[in-house]
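Structural description and commentary
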Amino acid sequence: RLDLVGLAGAMSAPFVGKRVEVLGTSREELNGKRGIASDYDRDKCRYTVQLDSGQVVALKPANLQETDEPASAKAPGSSGAASSWSSPSSGPSTGPGGVPWPTVGLIVLGLAWFYQFFQGASPGGGGGSSLFGDGDGDEHDDRDEGYLTGAVREVVTLDQFKGALAHHSDNTGLPVVVDFFSHSCGPCRMIAPAFKRIAKQFKGDVVFLKVDVNRNYEASSACNIRGMPTFQIYLHKKKIFEFSGADEGGLSHYTTSAVEQAVGHGTFVGLEVTREALEDFYRKHEPEKVPQAASLAQKYSSKTAVLMRVSREKYGEAPRTSKRRSASDEAAGAGTSAASGGAGVGTAQQATKISDRPVEDLRGELAQLNAELERRGVQESSAAEEEEEFPFLSAEDVAAEGVHKVIIIGGGPAGLAAATYASRAGLVPLVVAPAFGGQLLGKGVDVENFPGVVGEYATGRGLVELMRRQSHSFGARFVSTAVLGVDFSKRPFRINVNGTSREMRAEAIILACGAESRWLQVEGEHTFRGNGISACATCDGFLFRGKDVAVVGGGDHAMEDALHLARTSRKVTIIHRRDAFRASRVLADKVLNHSSITVRWNTEVQSFSGKDALTHLTLRTGDAKPERFDVAGAFVAIGHEPQTGFLQGHVELDESGYVALKGRTSTSVRGVFAAGDVADRVYRQAITASGTGAQAALDVEKFLNEGA
């Protein structure tokens, strides 16, 4: 028999009913084993997998990979009943005309699909294609009106995603802006507050959704997401814009363009076409359809935009709309009638009845009302949600202030440690840095060796947030912007930042701007950044699950990236220009002994190529001819460069571009100090950066005291 329920489940959870292999779990005894994924728990985002050994386990989608074996396949030597399709006791194996029953079922499904496709377009014709088709998305709640207040909604399944697109295509006609993000992605964190601000700005005109690529891998895979953050904008279920990167200006520009397009087609928020309006419309344009007006009004009661678009296409104009009548309106009307017809049902008596009711009943009803308000998007945001918004100051407002005692350029461990020490000394430091907090937060790495930091905070993101809030509690202030230039020729020192034409001034400066990833600077590298090329395996590695990837480099950074990618990618190839790694022996041995990792020695990347996304590299090994090497993704891990470009000519740098120190943290300019990776070409650790940040703050305090 054909399991229609199972088929529907498989459409939204692709591993259900499939043979899968377990990979990349922390339980080594499970890795490499195979079995059948029998169910998917959407709340926990876990598949129930029955292994060939009989063991049943719950696993994340990231730890499963579909095999080429049929679902009925068993491990050698295993036993079990044959499937119901082949069991002699299950009845005749063929249907009418000798056609197998499974084939009959598929034919019926196909005919049903064609019937829906040709009948579901509209009354009188119309229709078209879309990215995800029609019919899916049962999980989406059409009553969610959070977009009217500028709320951002997270969709956690592919069905919710498709349902939201379908609802706003068919009913409201509004564009949908989707932010594909990851909690371990620094630029994602940086753009998140701007995404919320823009959602508030366009409330009622645009729907804003977000998709966590790790949690909702089905949607991110269906949308072919290759880097983060990626923004896609849909109108009528068709993608009209896509771009990657934390670009607030671009996001605002494309959103405005989407609104203009939507208004051109027509938007119908809170509107419907009544039976009376449809009758009047058909009397004018197609009288024979007047008897069908009631049924068509009912059919398209939640598809106003579809009805209006199709009517315009066929008749050149559309029926009139009116404000949608809600269930609450009808209930209110009924209540009014009951009140006017009944005796002695006054508000005083109603209040008395409420006051007599048990507290437990009232709390239960209050919980239900709050749940309904939250569903409809009109509930006030919780305190926890408010706490996510760190109190960054406006660059324009801060620049209008007077001279600061100390400005710290950089928001990583060095800058934040300096901010804590300086604020406790009463210097009220100003920290100027993008919100994503430097390499540590931007790369999303785990931090297991920072003394005293364990549990949920033992990550780059957790450590930076903890240090940021600690320093802020002592009086440190923060501006989320980038420094464009400096003037250290005289005191007070001046810095120019993005977001204002005014200068910020300070008596002392601490340079804690860290280092950034180094790139190969070869053909195609810049073109495919965010579309197959990345410098952050922990940020983007999940997007290449089950695919072949390459890692370029031979140091610890490259080894760590390769080992991380080997947990989820099908095959990892390290491309190294020398015949031996520069990495530590422990990491190098792990890589060389890993079954999923291979190494191409004495090989260099000459170019990156593809169409819309990366498809292959051009490699050259020694004196051999260049060759094509197919991969879905490439991760460049060849070290870092200090972020000192804006300092050239203003402070002394060494031959590698690091700030040259004249003592502990002093630089060639009196009053300018440096801490962390911007001046450390040896250790480059979070703990050593924090230590030098504390030193720099102490040196600033001493410098200012001596100056006074």
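Residues numbered from 1 in each chain as written. Predicted model: local features only at pLDDT ≥ 70, side-chain atom pairs only at ≥ 80, totals over all residues. Heavy atoms only, no water.

1. As for the overall build of the protein
- Secondary structure summary: the protein contains 21 helices and 29 strands in total.
- The proportion of buried residues among the 708 residues of the protein is 44%.
- Sequence separation of 24 or more characterises 65% of the internal contacts of the protein that already satisfy a separation of 6 or more.
- Accessible area of the protein: about 35,900 Å², with a carbon and sulfur share of 50%. (Helix = DSSP H or I, 4+ residues; strand = E, 2+ residues; numbered from the N terminus. Buried < 20%, exposed > 50% of the residue type's maximum accessible area, 1.4 Å probe, protein only. Contact = heavy atoms within 4.5 Å. Areas by Shrake-Rupley, 256 points an atom, 1.4 Å probe, with all protein chains shown as cover.)

2. Quick notes on the sheet that holds strand β5 (residues 64-66)
- Across the sheet, which stays open at both edges, the five strands sit in the order β4-β3-β2-β1-β5 with antiparallel pairing between neighbours. Taken across any chain shown, the strands that pair with only one partner, and hence form the sheet edges, are β4 (56-59) and β5. Strand-to-strand, the axes of this sheet are offset by a mean angle of 45 degrees, without reference to chain direction.
- One ladder, built from six bridges, connects strand β2 (residues 34-41) with strand β3 (residues 46-51); its direction is antiparallel. Bridging from a neighbouring strand, Tyr40 pairs with Tyr47 of β3. (Pairing = 2+ DSSP bridges. Axes fitted to C-alpha atoms, helices over the stretch in contact; angles between N-to-C directions.)

3. Some details on the pairing of strand β26 (residues 627-630)
- Here strand β25 (residues 614-621) pairs with β26 via four bridges, running antiparallel. Following the sheet pairing, His616 is matched in β26 by Asp630.
- Hairpin connection, β25 to β26: the antiparallel pair is bridged by five residues, and Gly622 has positive phi, about 60 degrees.

4. Focus on the packing of helix α7 (residues 275-285) against helix α9 (residues 304-315)
- At a minimum axis distance of 13 Å, the contact between α7 and α9 shows a crossing angle of 10 degrees. With respect to their mutual orientation, α7 and α9 come out roughly parallel. Judged by the twist between their axes, the crossing of α7 over α9 is left-handed. Together, Leu278, Phe281, Tyr282 and His285 of α7 and Leu307, Ser311 and Tyr315 of α9 make up the contact between the two elements.
- Tallied by class, residues from the contact of α7 with α9 come to five nonpolar, two polar and no charged. (Parallel < 35°, antiparallel > 145°, perpendicular 65-115°, else oblique. Left-handed = near helix turned anticlockwise from the far one by under 90°. Nonpolar A, V, L, I, M, F, W, Y, C, P; charged D, E, K, R; others polar.)

5. Structural notes on empty space enclosed by the protein
- Evaluated as defined, the whole model comprises two cavities of 30 Å³ or more.
- Approximately 50 Å³ is the volume attributed to the largest cavity.
- Partitioned by chemical class, the residues of the lining of the largest cavity number seven nonpolar, one polar and one charged. (1 Å grid on protein atoms, 1.4 Å probe; cavity = no way out; pocket = protein on both sides within 12 Å on 5 of 7 lines; lining within 4 Å. Points joined across faces, edges and corners; volume = space filled by probe spheres on them.)

6. Let's talk about the environment of Val483
- In this structure, Val483 sits in strand β16 (residues 483-487).
- Expressed as a C-alpha distance, the spacing of Val483 and Ala433, which sit 50 residues apart in the sequence, is 7.4 Å.
- Once residues within four sequence positions are removed from consideration, Val483 is found in contact with Ile409, Val432, Ile495, Asn496, Val497 and Phe646.

7. Side note on the side chain of His168
- Counting through the fold element by element, His168 comes out in helix α3 (residues 158-172).
- The buried category is assigned to His168, whose relative accessible area is 2%.
- With residues near it in sequence (within four places) discarded, His168 still touches Tyr147, Gly173, Leu174, Val176 and Val207.

8. Looking at α7
- Turning to α7, its buried residues are Ala277, Leu278, Glu279, Phe281 and Tyr282.
- The inward-facing, buried residues of α7 abut α8 (293-299) and α9.

9. Regarding the sheet that holds strand β24 (residues 603-610)
- In spatial order, the strands read β24-β25-β26; together these three strands make up an open sheet with antiparallel pairing. The sheet terminates laterally at β24 and β26, the two strands that pair on one side only. Within the sheet, the average angular offset between the axes of one strand and its neighbour, ignoring direction, is 35 degrees.

10. Focus: the nonpolar core
- Within the largest apolar cluster, 44 residues are counted, with the highest numbers of intra-cluster contacts made by Phe161 and Val551.
- Elements with a contribution of two residues or more to this core: α3, β7 (176-181), β8 (207-212), β21 (548-552), α19 (556-565), β22 (571-575) and α20 (585-592).
- Here this core gets five residues from one element, more than from any other, and that element is α19.
- In terms of nonpolar packing, the next biggest core, distinct from the first, is built from 31 residues, Ala417, Val453, Ala697 and Val700 among them. (Core = buried A, V, L, I, M, F, W, Y, C linked by side-chain atoms within 4.5 Å.)

11. Regarding the pattern of salt bridges
- As enumerated under the stated definition, the model contains 27 salt bridges in all.
- For Asp52, the salt bridge goes to Arg19, with nearest N and O atoms at 2.6 Å. Highlighted residues: Asp52 in the loop between β3 and β4 and Arg19 in strand β1 (residues 19-22), separated in sequence by 33 residues.
- Taking the shortest distance from any N to any O, the salt bridge between Glu276 and Arg275 comes out at 3.0 Å. (Salt bridge = Lys/Arg side-chain N within 4 Å of Asp/Glu carboxyl O.)

12. Topic: the confidence of the model for the protein
- Averaged over the protein, the pLDDT score is 81; the fraction of residues at 70 or greater is 78%.
- Counting contacts from residues 75-91, a segment whose pLDDT is below 50, to residues more than four positions away or on other chains yields five contacts. (pLDDT = per-residue confidence, 0-100.)

13. Here we look at the packing of aromatic side chains
- As enumerated under the stated definition, the model contains 15 aromatic pairs in all.
- Ring centres of Phe195 and Phe231 lie 5.8 Å apart, and the angle between their planes is 35 degrees; this geometry places the pair in the tilted category. With Phe195 in helix α4 (residues 186-201) and Phe231 in strand β9 (residues 230-235), this residue pair connects regions lying 36 residues apart in the sequence. Like Phe195, the residue Phe231 is buried in the burial classification.
- Consider the rings of Phe581 and Trp601, whose centres lie 4.7 Å apart with planes at 45 degrees: the pair is tilted. With a gap of 20 residues between them, Phe581 in the loop between β22 and α20 and Trp601 in the loop between β23 (597-600) and β24 connect regions that are remote in the sequence.
- Cluster of aromatic residues (ring-pair linked, three or more members): Phe195, Phe208, Phe231, Phe241, Phe243 and Tyr254. (Phe/Tyr/Trp six-rings, centres within 6.5 Å; stacked < 30°, edge-to-face > 60°.)

14. Details of α9
- Counted at 1.5 Å a residue, the expected span for α9 with its twelve residues is 16 Å, and the 16 Å between its end C-alpha atoms agrees.
- Counting buried residues in α9 gives nine out of twelve residues, a clear majority hidden from the surface.
- When we look at burial in α9, the residues that qualify are Thr304, Ala305, Val306, Leu307, Met308, Arg309, Val310, Ser311 and Tyr315.
- At the exit of α9 stands Gly316, carrying a positive phi of roughly 85 degrees. (Expected span 1.5 Å × (residues − 1).)

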